[in-house]
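So the chains spell out like this:
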Amino acid sequence: MNDLSNNLLDFIKKSPSAFHAVEEIKKILIKEGFIPLNEGKPFELVKGKNYFVTRNQSSIIAFKVGSRLEDYSFSICASHSDCPSFKVKPKSELEGKGYTRIDVEPYGGMIASSWFDRPLSLAGRVIINLDTGIDTRLINFPYNLLSIPNVAIHMNREVNSGYKYNFAIDMMPTLSQDKITLKNLIAKELNVEEEQILTYDLFLYNRSEGYIWGANEEFISSPKLDDLQSAYTSLLGFIQGENEDNINVYACFDNEEVGSTTRQGADSSFLEDTLKRISLSLGYNDEEHIACLNRSFAVSADNAHALHPNHPELCDPLNQVEMNKGIVIKNNAAQSYTTDSYSAAIFMKICAKADVPVQFFNNRSDLRGGGTLGNISCSHASIATIDIGLPQLAMHSCMESAGNKDNEYMVKAIKEFYSTKIKQDTLGKVEM
């Protein structure tokens, strides 16, 4: 159990940005023999082979083409590569009063107070000017580069009484006491000339390392558990699952934390385009592809809120979940989650086959919850879908906590999902 959790923590450590997370996923897939595809060129697929394709370097879709595809369908599991953070602005140095700070703006809905007094750094991608065009380089400053110091309580007596943080004032990270430019630091890190740096997508990240804790080592804490915990464990389940009668698909999208409406988000055409191209490359026509979608099933994997030890009253009195008690099936009457009785029943049977416990989550009826990938991706590829996740605490903090055992549950459940041929008809009957 701890080996899996330590591997997850190592994956997160190597994924300081969505770009790096996708790069790590690519490395794992290539090691497993997956063949990279180029979105800008025709797909030439062969039954029995495994492939992957990326978009914007921050989203990835991998798939296994079964060798026997009579009445084929897609089994899809989707997660996301991004997390709440702060993005660096194009003109970034704030100078004055003896310090150089970096001008940032919030990306997603984070718990602002969790970012204070932490070892921070920057990671993302940089666009380099070349004589022949431009080139893209991933960058990670692998040391404690920045910090956001708290104001002493003697100067802010309201800090423990509901102080409201101003993102334009309170959240600017300090870089140095000298006048230093970010471009100069980038140039040194990438070994290029400062004049070659055109633009960049850089994000603040917490360099505190994840760890296992608890009297019985039952918990893990780490940055980015939402949603790299689901992204990593579902990837392992995808790799381990085998089904020669099906096309198994793994997707990890960027920009979920800001609405998914980018060209690489779940609300883009990325999944829809890829599924259609798979069908066409394998010789199926439009009619056969649409029929295939109606036989397919998708899992949206994004973490869920566990019962809080100090605030149990914030959960629904009945539909509340606990860490280390299994996969969470997420429900919402307003369809923030795409789960319905049909998709829940199918996934419950899959978890039963895998000997994985399930739990049911609803928000308390007077509290508004968040949304996720399920309904967004389903609006582009109309497929029966369920929203699931793993229970965690402190969601959107820069250091989150979850259950150690739940990692194993997710791998087992997703492996069983990918190994199961789900035969649906339009009357709601299913063979598995």
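Scope of this entry: the structure provided in the associated data block. These numbers were taken from a predicted model, which means no experiment stands behind them.

### Describing unusual backbone geometry
Consideration 1: Cis geometry is adopted by the peptide bond preceding Asp 227, which originates at Asp 226 and carries an omega value of 15°.
Consideration 2: Within the secondary structure, Asp 227 is located in helix α4 (residues 225–240).
Consideration 3: A positive phi is found at Asp 117, a non-glycine position, where the angle reads about 60°.
Consideration 4: Along the polypeptide, Asp 117 turns up in the loop between β6 (99–107) and β7 (120–130).
Consideration 5: Since its relative accessible area comes to 49%, Asp 117 is described here as partly exposed.
Consideration 6: A positive phi angle is found at Glu 217, which is not glycine, with a value near 55°.
Consideration 7: Position of Glu 217 relative to the elements: it lies in the loop between β11 (211–213) and β12 (219–222).

### A few points about the nonpolar core
Consideration 1: The biggest cluster of nonpolar side chains holds 48 residues, and the ones touching the most others in it are Leu 29, Phe 238, Tyr 250, Val 299, Ile 327, Phe 347 and Ile 388.
Consideration 2: Looking at this core element by element, the count peaks at eight residues for α4.
Consideration 3: Sequence-distant contacts of Leu 29, that is, excluding residues within four places in its chain, are made with Phe 34, Phe 52, Ile 60, Ala 62, Leu 235 and Phe 238.
Consideration 4: Counting residues in each nonpolar core, the second largest holds 31 residues, with Phe 86, Val 88, Ile 139 and Ala 187 among its members.

### Some points on helix α5 (residues 270–281)
Along an α-helix, residues three or four apart share an orientation, since each turn contains 3.6 residues.
Consideration 1: When the terminal C-alpha atoms of α5 are compared, their 16 Å separation across 12 residues agrees well with the 16 Å that a helix rising 1.5 Å per residue should span.
Consideration 2: Of the residues making up α5, those classed as buried are Phe 270, Leu 271, Thr 274, Leu 275, Ile 278 and Ser 279. Projected down its long axis, α5 shows its buried positions confined to an angular sector of 160°, all on one face.
Consideration 3: In the segment just after α5, Gly 283 is the residue with positive phi, at about 95°.

### Section: the packing of aromatic side chains
Consideration 1: Scanning all chains against the criterion turns up 17 aromatic pairs.
Consideration 2: Both rings, one in Phe 417 and one in Tyr 418, keep their centres 5.1 Å apart while their planes meet at 50°; by these two values the pair is tilted. For the pair Phe 417 and Tyr 418, one class covers both residues: buried.
Consideration 3: An aromatic cluster is present here, built from Phe 34, Phe 238, Tyr 250, Phe 297, Phe 417 and Tyr 418 joined pairwise through their rings.
Consideration 4: Stacked on the ring of Phe 238, the Lys or Arg Lys 64 has its end atom at 5.4 Å from the ring centre.
Consideration 5: Above the face of the Tyr 72 ring, Arg 295 is positioned so that its terminal group lies 5.9 Å from the ring centre.

### A closer look at the pairing of strand β8 (residues 133–140)
Consideration 1: As paired strands, β7 and β8 are joined by eight bridges and run antiparallel to one another. Pairing of Gly 124 across the sheet is with Ile 139, part of β8.
Consideration 2: Here β7 hands over to β8 after two residues, the two strands then running antiparallel side by side.

### Structural notes on the packing of helix α1 (residues 2–13) against α4
Consideration 1: Two elements in contact, α1 and α4, have axes separated by 10 Å at closest approach and are oriented at 120°. Classified by the angle their axes make, α1 and α4 are oblique. Two packed elements cross with a definite hand, and for α1 against α4 that hand is right-handed. Of α4, the residues touching α1 (which contributes Leu 4, Asn 7, Leu 8, Phe 11 and Ile 12) are Leu 225, Leu 228, Gln 229, Tyr 232 and Leu 236.
Consideration 2: For the contact of α1 with α4, the per-class residue count stands at eight nonpolar, two polar and no charged.

Rules and cut-offs
Residues numbered from 1 in each chain as written. Predicted model: local features only at pLDDT ≥ 70, side-chain atom pairs only at ≥ 80, totals over all residues. Heavy atoms only, no water. Helix = DSSP H or I, 4+ residues; strand = E, 2+ residues; numbered from the N terminus. Buried < 20%, exposed > 50% of the residue type's maximum accessible area, 1.4 Å probe, protein only. Core = buried A, V, L, I, M, F, W, Y, C linked by side-chain atoms within 4.5 Å. Contact = heavy atoms within 4.5 Å. Expected span 1.5 Å × (residues − 1). Arc of directions from axis to C-beta. Phe/Tyr/Trp six-rings, centres within 6.5 Å; stacked < 30°, edge-to-face > 60°. Lys NZ or Arg CZ within 6 Å of the ring centre and 35° of its normal. Pairing = 2+ DSSP bridges. Axes fitted to C-alpha atoms, helices over the stretch in contact; angles between N-to-C directions. Parallel < 35°, antiparallel > 145°, perpendicular 65-115°, else oblique. Left-handed = near helix turned anticlockwise from the far one by under 90°. Nonpolar A, V, L, I, M, F, W, Y, C, P; charged D, E, K, R; others polar.

None of this, on its own, says anything about what the molecule does.
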